[in-house]
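Residues per chain are reported as follows:
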Amino acid sequence: MVCAAFMYPLGPGNSWSYLGQNLPASAVADLEIHEASMELVVATHGRGIYKLNLRPIQAMAAGKIPQDQDFLFEIPEAKRPWFNSSGGEPDYRTLERTPITFWLAVPKPVTLSIRNTDQKILWKTTVNGQKGFNQVRWDLVTSRQNSDYPYFVHYERFLAAGAYQMVLSADGNNDQLRPFIVVDSVSPYAKER
């Protein structure tokens, strides 16, 4: 799980502000907006590629979200990693972290949790939220296990495909709720049609 906070934009491109806490001080080789997902993709020189979903920022800039209230943004469809059919282990090359973005009027700890249709909590985490935009990128792992058994490969359990509810709780009241849809990935070895 990766957590980052980033600042509200300071106008229509007239000025730039540092975004997040995890982008290293490195030369940025390219910026590209993937229009289908509305993600800003940042390519650095030798320090990796970073993504930021722009939809929450656009909604805030358009005045659709009140800045004096906490708000959980719509969550894109989450994809499980593809699992090898022979042993059932995940192919980590297909792992995509799901962005969970929320706005906080003041800095405070918040709890994010996933509930099934029976309202049973399947996963939860607490993060120290900052004032403004916050984002948690979750790998859909609900539990981790170590084992010394030979041939043991199921170290992580992933959330099953299905429909869930994401809950943002802060201050013990006014929970924010959003649908959370998880789908299975397609094999990276499948032939394209």
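Anything mentioned here points back to the structure above.
Below is a short write-up of the structure. (Residues numbered from 1 in each chain as written. Predicted model: local features only at pLDDT ≥ 70, side-chain atom pairs only at ≥ 80, totals over all residues. Heavy atoms only, no water.)

**Some thoughts on the sheet that holds strand β13 (residues 162-170)**
Reasoning step 1: Here five strands make up an open sheet; going across it, the order is β6-β14-β13-β8-β9 and the pairing mixed. The sheet terminates laterally at β6 (78-79) and β9 (121-129), the two strands that pair on one side only.
Reasoning step 2: Of the strand pairs in this sheet, strand β8 (residues 108-115) and β9 are connected by eight bridges, and their pairing is antiparallel. Following the sheet pairing, V110 is matched in β9 by V127. (Pairing = 2+ DSSP bridges. Helix = DSSP H or I, 4+ residues; strand = E, 2+ residues; numbered from the N terminus.)

**Focus on the environment of G46**
Reasoning step 1: Looking at the secondary structure, you find G46 in the loop between β3 (39-44) and β4 (49-53).
Reasoning step 2: For G46, a relative accessible area of 75% puts it in the exposed group.
Reasoning step 3: Once the C-alpha coordinates of G46 and V28 are considered, the two residues, 18 residues apart in sequence, prove to be 9.3 Å apart. (Buried < 20%, exposed > 50% of the residue type's maximum accessible area, 1.4 Å probe, protein only.)

**What about the environment of R137?**
Reasoning step 1: Tracing the backbone shows R137 in strand β10 (residues 132-138).
Reasoning step 2: C-alpha of R137 to C-alpha of I100: the two residues are 37 residues apart in sequence and 6.1 Å apart in space.
Reasoning step 3: At 3.3 Å, the side chain of R137 and the side chain of E39 are in polar contact.
Reasoning step 4: Among the polar contacts made by the side chain of R137, one reaches the main-chain carbonyl oxygen of K51 at a distance of 3.3 Å. (Polar contact = N/O pair within 3.5 Å; in protein donor to acceptor, adjacent residues only side chain to side chain.)

**What about the pattern of salt bridges?**
Reasoning step 1: If you walk through the whole model with that rule in mind, you get six salt bridges.
Reasoning step 2: Between E39 and R137 there is a salt bridge, and its shortest N-O distance comes to 3.3 Å. Taken together, the residues span a long stretch of sequence, with E39 in strand β3 and R137 in strand β10 at a distance of 98 residues. Like R137, E39 is buried.
Reasoning step 3: For D139, the salt bridge is made with R97, and the minimal N-O distance between the two is 3.9 Å. Of this pair, D139 sits in the loop between β10 and β11 (141-144) while R97 sits in the loop between β6 and β7 (98-104), and the two are 42 residues apart along the sequence.
Reasoning step 4: The class for D139 is buried, based on a relative accessible area of 5%.
Reasoning step 5: A relative accessible area of 33% places R97 in the partly exposed class. (Salt bridge = Lys/Arg side-chain N within 4 Å of Asp/Glu carboxyl O.)

Function cannot be inferred from these measures alone, as they are strictly geometric.
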